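# Secondary and tertiary structure notes
Residues per chain are reported as follows:
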Amino acid sequence: MASPSTGRTAALSLELSRAHQDLRRRLADLRTNLGGPRRPDADDGRLLTHCLAFCTALTNHHQGEDTGLFAQLLRERPDLAPTIAKLVEDHGFITHILTRVRDLADQAAAGAVPGAAPGADPEAIGRELDGLAAIMDSHFAYEERAIGAALDAGVSDDGWSEPVLRFGTPSSPAP
């Protein structure tokens, strides 16, 4: 079904699902790169870069939903107010975890500087990312079920779709 405001032929719910899959993949890549034994010469600055890139992509996605998509849905579909309130509440929980991940990645990078105090344990970051993955899966599944039909019916796009559906190309970690 085409969106009335853009004429796109792809279903908006499918585009949202694809965006969520991209975020899941990015998180899985980040978690994979945390795994395995740490070399003494490991570049924890690279870890920080990848954590921050992922955290920024997810934060931008949720901010785009909160201020763009959800605001538009509330104007067009006020009956979705309780659902949208739950989704925004989830975003708050996820933001808290992302803040913890950023802090731990900062600590890990600071500990990689010669003469600095030891940084955060990558396993601590991994545990936070595991919790984040569980919450994201539940949140994304609920969001897709709860607002998918409204999206496919057509939602005016005043620019909300760019931060919600597209995040740019993630940088790949070096081998």
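These numbers were taken from a predicted model, which means no experiment stands behind them.

## Here we look at the overall build of the protein
Helices and strands together make up the secondary structure of the protein, namely five helices and zero strands. Counting from the amino terminus, helix and strand elements in the protein follow one another as α-α-α-α-α. Burial status across the protein gives 42% buried among its 175 residues. Long-range pairs, those at least 24 residues apart, make up 82% of the contacts in the protein between residues at least 6 apart in sequence. Accessible area of the protein: about 8,900 Å², with a carbon and sulfur share of 56%.

## Considering helix α1 (residues 12-34)
Here α1 contains 23 residues, and its C-alpha end-to-end distance of 33 Å stays within 8% of the 33 Å for a straight helix at 1.5 Å per residue. Of the residues making up α1, those classed as buried are Leu12, Ser13, Glu15, Leu16, Ala19, His20, Asp22, Leu23, Arg26, Leu27, Leu30 and Leu34.

## Quick word on the confidence of the model for the protein
For the protein, the average pLDDT comes to 81, and 78% of its residues sit at 70 or higher. Mean pLDDT across the secondary structure elements of the protein bottoms out at helix α2 (residues 44-76), with 88, and peaks at helix α4 (residues 122-152), with 92. Segment residues 169-175: pLDDT under 50, and eight contacts once partners within four positions in sequence are set aside and those in other chains are kept.

## Remarks on the pattern of salt bridges
Two side chains that carry opposite charge are able to pair once their charged atoms sit near each other. Enumeration according to the criterion identifies 10 salt bridges in this entry. For Asp130, the salt bridge is made with Arg31, and the minimal N-O distance between the two is 2.7 Å. Highlighted residues: Asp130 in helix α4 and Arg31 in helix α1, separated in sequence by 99 residues. When the shortest N-O distance is used, the salt bridge between Glu128 and Arg100 registers 3.7 Å. Of this pair, Glu128 sits in helix α4 while Arg100 sits in helix α3 (residues 81-111); the two residues are 28 residues apart in sequence, bridging distant segments of the chain. The class for Glu128 is partly exposed, based on a relative accessible area of 23%. Overall, Arg100 belongs to the partly exposed group, its relative accessible area being 38%. Residues joined by salt bridges that share partners form a network here, namely Asp22, Arg25, Arg26 and Asp29.

## Observations regarding the side chain of Glu143
Examined against the element boundaries, Glu143 turns out to sit in helix α4. Buried and unpaired, Glu143 has Arg24 as its nearest opposite-charge partner, separated by 8.8 Å. Once residues within four sequence positions are removed from consideration, Glu143 is found in contact with Leu16, His20, His61, Glu65, Phe70, Leu87, His91 and Gly148.

## Things to note about the nonpolar core
Residues Phe54, Leu58, Leu69, Leu73, Ile125 and Leu132 are the most contacted members of the largest nonpolar core, which totals 43 residues. When contributions to this core are tallied by element, the ones reaching two or more residues are α1, α2, α3, α4 and α5 (161-165). The residues contacting Leu132, other than those within four sequence positions of it, are Leu27, Phe54, Leu58, Ile94, Ile97 and Leu98.

Cut-offs and rules
Residues numbered from 1 in each chain as written. Predicted model: local features only at pLDDT ≥ 70, side-chain atom pairs only at ≥ 80, totals over all residues. Heavy atoms only, no water. Helix = DSSP H or I, 4+ residues; strand = E, 2+ residues; numbered from the N terminus. Buried < 20%, exposed > 50% of the residue type's maximum accessible area, 1.4 Å probe, protein only. Contact = heavy atoms within 4.5 Å. Areas by Shrake-Rupley, 256 points an atom, 1.4 Å probe, with all protein chains shown as cover. Expected span 1.5 Å × (residues − 1). pLDDT = per-residue confidence, 0-100. Salt bridge = Lys/Arg side-chain N within 4 Å of Asp/Glu carboxyl O. Lys, Arg positive; Asp, Glu negative; His and termini not counted. Core = buried A, V, L, I, M, F, W, Y, C linked by side-chain atoms within 4.5 Å.

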